[in-house]
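For reference, the chains in residue letters:
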Amino acid sequence: MKKEKMPKTLITGAGGMAGSYIDFGIKTSHATLDVTDLKSVMKAVKHHKPKVIIHLAAMTDLDAGEINPSLAYLVNTIGTYHVALAAREVGAKLVYISSIGVFDGTKKGPYAENDVPNPQNVYGHSKYAGELIVQGMLKDHIIARSSWMFGGGPKKDKKFVSNILAQLKKDDVSIIKAHADVSGSPTFGKDIISAIKTLILKNKKGVFHLTNGGSCSRLDVAKHIIAKMKPSVKAIHVKSDYFHLPARRVKNESATSKTRLMRGWKEALTEYLETEWGE
């Protein structure tokens, strides 16, 4: 069976966690394309004339966004506006990577695509504003919401999974602290890129929740990592306010989807640990 060929694609933010799994298209990073610079964005898009733009570039650090909201809105909202303008100029489909963090976390079960967003921190507001821009400016778009992203290996992973692994490398570690009073649906960068490729090839449009299957707590994730990497360590629960972080964390970032494109989170995390963090 003949493999379908991807349309000409330009990727912003390809130097990040998810971007490290992209093996197609014209890849740009912050060093080569600053999305906050409209002239640069227009120049690059008009030069390459892509059929699809995958917009990965973002400020994803919740606490940094709370400390410097103007930068979060500049990158996540204004930057997205610039990319949407350029996509409209050349008639390209825009794939915008958003977040389950656009919801308020009060729902008892996982969030579906048709639930109404209600952000609770600067990051969530800046990403939701980006969604509204994309929906308002372009008919041909995909909004792909992820949650608790991991990927990129030791060089690119700066989030929860890598933090746990860094603690496990210490010789004297015996206890890892994580909270069990919040839930989410982890997302392997490799899997979300594969899902996005599928949606593009099928010419899909609209909002999609692209997380790995199932929901869990941060403590569940920590326990899974410990079991695979250093079983002698014990994971214990602390309340979510124990870490005194600037940004408000919502209680529920778990997701379900109208389109099943991604495997369960445990299987995905196991592969990630074995292939990118194994000794």
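To be clear, the structure that these remarks concern was listed above.
Residues numbered from 1 in each chain as written. Predicted model: local features only at pLDDT ≥ 70, side-chain atom pairs only at ≥ 80, totals over all residues. Heavy atoms only, no water.

## Focus: the environment of Ala166
Then, number 1: Looking at where Ala166 falls in the secondary structure, it is placed in helix H6 (residues 160–168).
Then, number 2: The sequence separation of Ala166 and Pro154 amounts to twelve residues, and the corresponding C-alpha distance is 9.4 Å. (Helix = DSSP H or I, 4+ residues; strand = E, 2+ residues; numbered from the N terminus.)

## Digging into the pairing of strand E3 (residues 52–55)
Then, number 1: Of the two faces of E3, the one lined by Val52 and Ile54 and the one lined by Ile53 and His55 are each fully buried.
Then, number 2: Pairing of strand E1 (residues 9–12) with E3 involves four bridges; the strand directions are parallel. Within the sheet, the bridge partner assigned to Leu10 lies in E3 and is Ile53.
Then, number 3: Alignment of E3 against strand E4 (residues 93–99), held across four bridges, turns out to be parallel. Considered in E4, the bridge of His55 is made with Tyr96. (Buried < 20%, exposed > 50% of the residue type's maximum accessible area, 1.4 Å probe, protein only. Pairing = 2+ DSSP bridges.)

## Describing the packing of helix H1 (residues 38–48) against helix H3 (residues 69–90)
Then, number 1: Where H1 meets H3, the axes come as close as 9 Å, and the angle between the chain directions of the two elements is 30°. The orientation of H1 relative to H3 falls into the category roughly parallel. In this structure, H1 crosses over H3, and the sense of that crossing is right-handed. Across from Leu38, Val41, Met42, Val45 and Lys46 in H1, the residues of H3 making contact are His82, Val83, Leu85, Ala86, Glu89 and Val90.
Then, number 2: Of the residues belonging to the contact of H1 with H3, the class tally is eight nonpolar, one polar and two charged. (Axes fitted to C-alpha atoms, helices over the stretch in contact; angles between N-to-C directions. Parallel < 35°, antiparallel > 145°, perpendicular 65-115°, else oblique. Left-handed = near helix turned anticlockwise from the far one by under 90°. Contact = heavy atoms within 4.5 Å. Nonpolar A, V, L, I, M, F, W, Y, C, P; charged D, E, K, R; others polar.)

## Looking at empty space enclosed by the protein
Then, number 1: In the structure shown here, the tally under the stated rule is one cavity of 30 Å³ or more.
Then, number 2: Approximately 70 Å³ is the volume found for the largest cavity.
Then, number 3: Considering the residues around the largest cavity, the lining is formed by Trp148, Met149, Phe150, Lys159, Phe160, Val161, Pro186, Arg218, Val221, Trp265 and Leu269.
Then, number 4: Of all the secondary-structure elements, those providing two or more residues to the lining of the largest cavity are strand E6 (149–150), H6, helix H8 (218–229) and helix H9 (265–276).
Then, number 5: Partitioning the lining of the largest cavity into residue classes produces nine nonpolar, no polar and two charged. (1 Å grid on protein atoms, 1.4 Å probe; cavity = no way out; pocket = protein on both sides within 12 Å on 5 of 7 lines; lining within 4 Å. Points joined across faces, edges and corners; volume = space filled by probe spheres on them.)

## Concerning the pattern of salt bridges
Then, number 1: The tally for this structure, following the rule as stated, stands at ten salt bridges.
Then, number 2: Close ionic contact of Glu267 with Arg263 constitutes a salt bridge, the shortest N to O distance being 3.8 Å.
Then, number 3: With its nearest N and O atoms 2.7 Å apart, the salt bridge here joins Glu271 to Arg263.
Then, number 4: A cluster of three or more residues bridged by salt bridges with shared partners is formed by Lys190, Asp191, Arg263, Glu267 and Glu271. (Salt bridge = Lys/Arg side-chain N within 4 Å of Asp/Glu carboxyl O.)

## Brief notes about the layout of surface pockets
Then, number 1: The computed volume of the second largest pocket comes to approximately 210 Å³.
Then, number 2: Around the second largest pocket sit 15 residues that line it, and Thr211, Gly213, Ser257, Arg260 and Met262 are the ones nearest its centre.

## Points about the nonpolar core
Then, number 1: Among the nonpolar cores identified, the biggest contains 51 residues, and Ile54, Val161, Leu210, Val221, Ile225 and Leu269 are the most heavily contacted of them.
Then, number 2: When sequence neighbours within four positions are dropped, the list of residues in contact with Leu269 reads Phe150, Val161, Val221, His224 and Ile225.
Then, number 3: Listed in part, the 23 residues of the second largest apolar core include Val41, Ile53, Val83 and Leu138. (Core = buried A, V, L, I, M, F, W, Y, C linked by side-chain atoms within 4.5 Å.)

## Concerning the side chain of Ser99
Then, number 1: Assignment of secondary structure puts Ser99 in strand E4.
Then, number 2: Taking the relative accessible area as the measure of exposure, Ser99 reaches 5% and is therefore buried.
Then, number 3: Polar side-chain contacts of Ser99 include one of 2.8 Å to the backbone nitrogen of Gly101.
Then, number 4: Not counting residues up to four positions away in its chain, the partners in contact with Ser99 are Tyr123, Glu131, Arg145, Ser146 and Glu253. (Polar contact = N/O pair within 3.5 Å; in protein donor to acceptor, adjacent residues only side chain to side chain.)

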